[in-house]
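Spelled out from the first residue to the last, the chains are:
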Amino acid sequence: MPTESRPDQAPAPDRSKKSTASPKYPGIAITCNGNQLFAEHVEVRVTEGGVFYPITPSTEGGEIYQQAYAEGKLDVWGKQKIAIETEGEHSAQGGATALAVTGRRVVNFTSGQGLAYAMEQYYHAPGKCSTMVLEVGARALTKHALNVHCGHDDVYAALDTGWTILFAKDAQQAADQGVILRKVNELALNPGMNVQDGMLTTHSERMYLKPEAELLREFLGANDDTIDCPTEAQRELFGPTRRRVPAMMDLKAPILLGPVQNQEHHMNGVVARRNNFNEYILGFLEQAYAEWGDLTGRRYGLVDQYRCEDADTVFVSLGCAAENIEEACDYLREQRNAKVGSIHINVIRPFPEAAVVEALRGKTNVIVIERTDEGMAGDNPLGRDIRTALSKALECHKLGKGDIPPLTPEDTPRLFNGSYGIGSRDFRPEHVLGAYEFATGATSRNDGATAADGASYFTLGIDHPYAVISKDTPSLLPEGAIAVRFHSIGGWGMITTGKNMGEIVGSFGHHIAEANPEYDEEGRLKEKLFIMANPKYGSEKKGAPTNYYLTVAPERIRVNCELNHVDVVLCCDPKAFTHTNPLAGINKGGCLVWESSDTPENAWERIPPHYRQFVKDNGIRVFILPGFEIAKAATERPDLQLRMQGNSFLGAFFRVSSFLQDHQIGEDEYETVIRKQYEKKFGRFGHAVVESNMTVMHEGFKRVTEIDYGEIDAKDRSNMRLDPLGPVSYTHLTLPTTLCMFRYRWWGCR
């Protein structure tokens, strides 16, 4: 359970000079990941049933819901819940729809292949007036290979199922839109999918605002409330009023639901949904977004626009890429005086054609980037929808009338369409800049094609003839940020350590904000410390190299990518130099903390000679830490000795970085916050486990040791191998048969 802090004891803000009132429900500050935010702090609190099957990266949502059911947690109206883990995603979605049409609020969690496997179950849910919410961690579908990371092709596959589909650019929006979508579903009598990026958002540790219980009760109302029917079709079905969540399947009042229909009737029901149900949804969404904004101060719309007022070039995207793009837009404006902006599509079904046309009106270039590639279609899916909307707007201008705002040819932009980030391929600032340079004619694709040649498609982040990239590679992290990169091995506890560090830093941030409170223009307490933490690991996980990225900054962090500009490297893997370069991207004066049981005098010899000059030239401070030795002394369990090693590096981070000094955090506060986090994380395993983790952390803080620079040509022991042994009489050196390191490259030796 993430730690919560609410500034109940803080002095009231002086609002005498405020232009707007404080929102009624500003939210409760917490530090957690995206899955925890929407599952634990939204769905567990507003639903009576969860039906699901585990699939990465949405598994944690179901686990959280199952735990809440096992603990007997009630929703905010005091009602019990049920949790059902089925034998597969297909049956999970069938069960969720069935439970929803009995008048209950229901949630399902799925991703990727799970969404595709359940596909036939989605089509019949709208016709049964299901109001459930499907929480999706968008994941790449298996194509030429399996991938469990982020992609949008799973969601795109469901675009024609008749569900309302919302997309969030961060977990805060996903949590908020989960509530907004449920309200709209219950007005429109249509199910909905609430989508966020798998792994990149679902597993991102950040500081968020969870909704207050009073907000959920006021905004949603109880599922058995009686409400006025909002449409003529509903009045025809139910009369002037109805239950907020209709019990379509009710043994006391049976109706015919989901029958077999032949030629005479089936088409009637299909097309009737268009004007009787579908056409009201965008209006309901606009009303719900406005109401949520008034209550919370967190405002969304059908589309979100960033610095688009004077922009001649705009990006259009779905998901967390939008935040990277926004940061890059700031950079382009400041460094190149470019007029560039970003648009995020919050509602992808029903597609908000009028809002998109108005957002793009008068722009010169529109750069649509998507986490998929449909090479056999005219464009990728979002690009097709945008082209359709613009084409219809042009037709409206030609005819002088139509269903959406007219658009003149002069006000119609040129569209570029790019693929990026498929399978969580890293999406970096230089990719955004490269796309901008290509669209504005400043650079070409790898194959030499340019925008002037008529080329409109490009790809980002891979070596491909159609790829574009900028030579400009800025960090785009906030000024004053501390960027940390972990190197470890799957199963060694690095992910747990990273999560703990994120939540600990978040707790410090809450304390700092409350100790010296400042308030924004709407009267909300200003946070003064922000975190962004993300794991990177493959589907093989255990035993393979892994990374974890964490940034701490005095302002909100929008860049969500692998960190190539870092201040601290925590290298839990003693053999890291044999398969990677943990020094890559480390800033001048940065710190490397490296797992080693060597003496400080010998540790220098473990650094490959070709990196030693870089260390000296850039003033890199190198520290060693016997993490395994510390963990072995704290527990006799071999599995815990591996997993607890990471905790020693947590202590080392606070020792070697300037974090505690920068924020004037004393020893007592440091001890209290970490103990509270360990009790929350490990308390269920008993007092001894908490104490052993505290011991490992303390020892890491105490025993991390800085080494002195040695000679560049000192002995090279970086391959981590002992000298080979042979018969006493054998005079020739015996080499290993594979993976010999020769200078800077690996060679298979013969």
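Use the structure listed above.
The following paragraphs examine the structure supplied in this document. (Residues numbered from 1 in each chain as written. Predicted model: local features only at pLDDT ≥ 70, side-chain atom pairs only at ≥ 80, totals over all residues. Heavy atoms only, no water.)

**Details of the pattern of salt bridges**
Then step 1. Per the stated rule, a full pass over the model turns up 43 salt bridges.
Then step 2. Where Arg182 meets Glu43, a salt bridge forms, and the shortest distance between an N and an O atom there is 2.9 Å. Within this pair, whereas Arg182 is found in helix 7 (residues 171-188), its partner Glu43 is found in helix 1 (residues 34-46), the two being separated by 139 residues in sequence.
Then step 3. Judged by relative accessible area, Glu43 falls into the buried class, the value being 0%.
Then step 4. Note that Lys183 is salt-bridged to Glu291, the shortest N-O span being 3.7 Å. With Lys183 in helix 7 and Glu291 in helix 11 (residues 281-296), the pair connects residues that are 108 residues apart, well separated along the chain.
Then step 5. Judged by relative accessible area, which is 15%, Lys183 ranks as buried.
Then step 6. Residue Glu291 is classed as partly exposed on the basis of its relative accessible area of 28%.
Then step 7. Connected via shared salt-bridge partners are Lys169, Arg307, Glu326, Glu327, Asp330 and Arg558. (Salt bridge = Lys/Arg side-chain N within 4 Å of Asp/Glu carboxyl O. Helix = DSSP H or I, 4+ residues; strand = E, 2+ residues; numbered from the N terminus. Buried < 20%, exposed > 50% of the residue type's maximum accessible area, 1.4 Å probe, protein only.)

**Here's the deal with empty space enclosed by the protein**
Then step 1. Per the counting criterion, the structure on display carries 3 cavities of 30 Å³ or more.
Then step 2. Within this model, the largest cavity holds a volume of roughly 50 Å³.
Then step 3. The wall of the largest cavity is formed by Arg428, Pro474, Ser475, Leu477, Cys561, Glu562, Leu563, Asn564 and His565. (1 Å grid on protein atoms, 1.4 Å probe; cavity = no way out; pocket = protein on both sides within 12 Å on 5 of 7 lines; lining within 4 Å. Points joined across faces, edges and corners; volume = space filled by probe spheres on them.)

**Some points on the packing of aromatic side chains**
Then step 1. The final tally for this structure, using the stated rule, is 24 aromatic pairs.
Then step 2. Consider the rings of Phe52 and Tyr65, whose centres lie 6.3 Å apart with planes at 70°: the pair is edge-to-face. Of this pair, Phe52 sits in strand 3 (residues 49-52) while Tyr65 sits in helix 2 (residues 59-70); the two residues are 13 residues apart in sequence, bridging distant segments of the chain.
Then step 3. By relative accessible area, Tyr65 is classed as buried at 0%.
Then step 4. Arranged with centres 6.3 Å apart and planes meeting at 55°, the rings of Tyr65 and Phe109 form a pair that is tilted. Residue Tyr65 is found in helix 2, and its partner Phe109 is found in strand 5 (residues 106-110); the two are separated by 44 residues along the sequence.
Then step 5. Members of the aromatic cluster, connected to one another through ring pairs, are Phe508, Phe653, Phe654, Phe659, Tyr670 and Phe701.
Then step 6. Here Lys183 stacks its cationic end above the ring of Phe219, 4.8 Å away from the centre of that ring.
Then step 7. Above the plane of the ring of Phe277 lies Arg273, whose end atom (NZ or CZ) is 4.3 Å from the centre. (Phe/Tyr/Trp six-rings, centres within 6.5 Å; stacked < 30°, edge-to-face > 60°. Lys NZ or Arg CZ within 6 Å of the ring centre and 35° of its normal.)

**Re the sheet that holds strand 4 (residues 82-85)**
Then step 1. If you trace the 7 strands from one edge of the open sheet to the other, you get 4-3-5-6-8-7-15, paired in mixed fashion. Since the sheet does not close on itself, it has two edges, and those belong to strand 4 and strand 15 (347-349), each with one partner. When the angles between neighbouring strand axes are averaged without regard to direction, this sheet yields 20°.
Then step 2. The pairing of strand 6 (residues 133-138) with strand 8 (residues 192-197) spans 6 bridges and is classified as parallel. If you follow Val133 over to strand 8, its bridge partner there is Gly192.
Then step 3. Contacting strand 3, strand 4, strand 5 and strand 6, helix 3 (residues 89-100) runs over the sheet at an angle of about 165° to strand 5. (Pairing = 2+ DSSP bridges. Axes fitted to C-alpha atoms, helices over the stretch in contact; angles between N-to-C directions. Contact = heavy atoms within 4.5 Å.)

**A look at helix 20 (residues 638-656)**
Then step 1. Across its 19 residues, helix 20 extends 28 Å between first and last C-alpha, which sits within 8% of the 27 Å expected from 1.5 Å per residue.
Then step 2. The largest bend in helix 20 comes to about 30°, at Met644. (Expected span 1.5 Å × (residues − 1). Bend = angle between axes of the 7 residues up to and from the residue.)

**Concerning helix 13 (residues 353-360)**
Then step 1. Those residues of helix 13 lying buried are Glu353, Val356, Val357, Ala359 and Leu360. Around the axis of helix 13, the buried residues are gathered within 165° of arc, so they sit on the same side.
Then step 2. Looking at the buried side of helix 13, the elements it contacts are strand 12 (303-306), strand 13 (313-317), strand 14 (340-345), strand 16 (365-370) and helix 14 (381-399).
Then step 3. Downstream of helix 13 by one or two residues, Gly362 has phi in the positive range, about 80°. (Arc of directions from axis to C-beta.)

**Some details on the packing of helix 19 (residues 627-634) against helix 20**
Then step 1. Running from amino to carboxyl end, helix 19 crosses helix 20 at an angle of 120°, the nearest separation of the two axes being 8 Å. In terms of orientation, helix 19 and helix 20 fall into the oblique class. In the packing of helix 19 onto helix 20, the handedness of the crossing is right-handed. When helix 19 is examined against helix 20, the residues Gly627, Phe628, Ile630, Ala631, Lys632 and Ala634 are found in contact with a partner set consisting of Gln641, Leu642, Met644, Gln645 and Ser648.
Then step 2. Class assignment of the residues belonging to the contact of helix 19 with helix 20 gives a composition of 6 nonpolar, 4 polar and 1 charged. (Parallel < 35°, antiparallel > 145°, perpendicular 65-115°, else oblique. Left-handed = near helix turned anticlockwise from the far one by under 90°. Nonpolar A, V, L, I, M, F, W, Y, C, P; charged D, E, K, R; others polar.)

Just geometry here; none of it tells us what the structure is for.
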